[in-house]
Amino acid sequence: MAMSWVWSGMVVLSLVFGGLFGRLDGVANAALEGARSAVELSLSMAGVMCLWSGVMEVMNVCGISGGLAKAFRPVLRRLLPESSRDEETLAAVSANVSANLLGLGNAATPLGIRAARRMARGCHGTASNELCLLVVLNTASIQLLPATIASVRAAAGCETPFDILPAVWVTSAISVTVGLLSAWGLSRLGGRS
């Protein structure tokens, strides 16, 4: 709802200032060019996203993503001890983390929502520390293969869309570490009051 007000305000302000300064033609041309660019980007990304979604599905069928999710379970049991008591919640969290690890945010989102819904049961409208930790893990995820970013770069004409891998690995490891430490510190601070 708030974003619709923001976008509407931007459109109205563009039209008002375009009219005041006699540049309505420029505003109209910019709007049409922006729409054309958005459609081109969406169509070019669709093929790459279909490819990576297909790869994820093949990994699911072959059991690779399940194996990756199982590999995360010992770490997740230590990070989320209460939620790991429910096997279905732990499975959703580990699948979410493994999809994020592969850079498939679109595939990770439904899994994260499923895990958050299961974790929110019994919270009575207030997020538990583990639910907040899930949000941190989901937001600042470590990515070994940033498929979505690579597809955006490829759609924008980059010849080597995966040359950002070292930077992605370092920054995502730092962001997860800082996020986990912050969540841990805030949970301790909240527990004292």
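Use the structure listed above.
Looking at this structure, I do not really get the overall build of the protein chain. What am I missing?
For the protein chain, the helix and strand inventory stands at 8 helices and 0 strands. Counting from the amino terminus, helix and strand elements in the protein chain follow one another as α-α-α-α-α-α-α-α. Taking 2.2 N^0.38 as the reference for a compact globule, 193 residues should give roughly 16 Å; the C-alpha atoms of the protein chain span a radius of gyration of 21 Å, well beyond that estimate. In terms of overall dimensions, the protein chain has C-alpha extents of about 65 × 45 × 30 Å along its principal axes. Long-range pairs, those at least 24 residues apart, make up 60% of the contacts in the protein chain between residues at least 6 apart in sequence. Taken as a whole, the protein chain presents about 12300 Å² of accessible surface, with 69% of it coming from carbon and sulfur. Within the protein chain, the 11 negative side-chain charges are centred at a point lying 12 Å from the centre of the 14 positive side-chain charges.

Would you take a moment to explain the environment of alanine 91 for this structure?
Tracing the backbone through its elements, the reader meets alanine 91 in helix 4 (residues 87-101). For alanine 91, a relative accessible area of 27% corresponds to the partly exposed category. For the pair alanine 91 and alanine 147, spaced 56 residues apart in the sequence, the C-alpha separation amounts to 23 Å.

Could you clarify how one ought to interpret a nonpolar patch on the surface in this entry?
Side chains of Val12, Leu13, Val16, Phe17, Leu20 and Phe21 sit close together on the surface and give an oily, nonpolar patch of about 630 Å² of accessible area. Here leucine 20 lies in helix 1 (residues 2-20). What makes leucine 20 exposed here is its relative accessible area of 63%.

Explain helix 1 here, please?
One turn of an α-helix holds 3.6 residues; hence residues three or four places apart share an orientation. For helix 1, with 19 residues, the first-to-last C-alpha span of 27 Å sits near the 27 Å given by 1.5 Å per residue. Once helix 1 ends, the next one or two residues include glycine 22, with phi positive near 70 degrees.

Please clarify how the packing of aromatic side chains should be interpreted in this entry.
The relation between two aromatic rings is expressed through the spacing of the ring centres and the mutual angle of the planes. In this structure the tally under the stated criterion is 1 aromatic pair. A ring pair is formed by phenylalanine 17 and phenylalanine 21, whose centres lie 6.3 Å apart and whose planes are at 10 degrees; its orientation type is stacked. Using a relative accessible area of 46% as the deciding quantity, one classes phenylalanine 17 as partly exposed.

Please clarify how the pattern of salt bridges should be interpreted in this entry.
Pairing of side chains with opposite charge becomes possible as their charged atoms draw close. Within this structure, the stated rule accounts for 4 salt bridges. When the shortest N-O distance is used, the salt bridge between glutamate 33 and arginine 36 registers 2.4 Å. Note that glutamate 33 and arginine 36 are positioned in helix 2 (residues 24-62) at a spacing of 3 residues, about one turn of the helix. Residue glutamate 33 is classed as partly exposed on the basis of its relative accessible area, which comes to 38%. The partly exposed category is assigned to arginine 36, whose relative accessible area is 40%. Residue glutamate 40 is joined to arginine 36 by a salt bridge in which the shortest nitrogen-to-oxygen separation is 2.4 Å. Here glutamate 40 and its partner arginine 36 are both found in helix 2, 4 residues apart, which amounts to about one turn of the helix. On the basis of relative accessibility, which here comes to 45%, the residue glutamate 40 falls in the partly exposed class. Salt bridges linked by common partners bring Glu33, Arg36 and Glu40 together as one network.

About the criteria used
- Residues numbered from 1 in each chain as written.
- Predicted model: local features only at pLDDT ≥ 70, side-chain atom pairs only at ≥ 80, totals over all residues.
- Heavy atoms only, no water.
- Helix = DSSP H or I, 4+ residues; strand = E, 2+ residues; numbered from the N terminus.
- Rg over C-alpha atoms; globule rule 2.2 N^0.38 Å.
- Contact = heavy atoms within 4.5 Å.
- Areas by Shrake-Rupley, 256 points an atom, 1.4 Å probe, with all protein chains shown as cover.
- Lys, Arg positive; Asp, Glu negative; His and termini not counted.
- Charge placed at Lys NZ, Arg CZ, Asp CG, Glu CD.
- Buried < 20%, exposed > 50% of the residue type's maximum accessible area, 1.4 Å probe, protein only.
- Patch = residues over 30% accessible without salt bridge, like charges linked within 9 Å, V, L, I, M, F, W, Y side chains within 5 Å.
- Salt bridge = Lys/Arg side-chain N within 4 Å of Asp/Glu carboxyl O.
- Expected span 1.5 Å × (residues − 1).
- Phe/Tyr/Trp six-rings, centres within 6.5 Å; stacked < 30°, edge-to-face > 60°.

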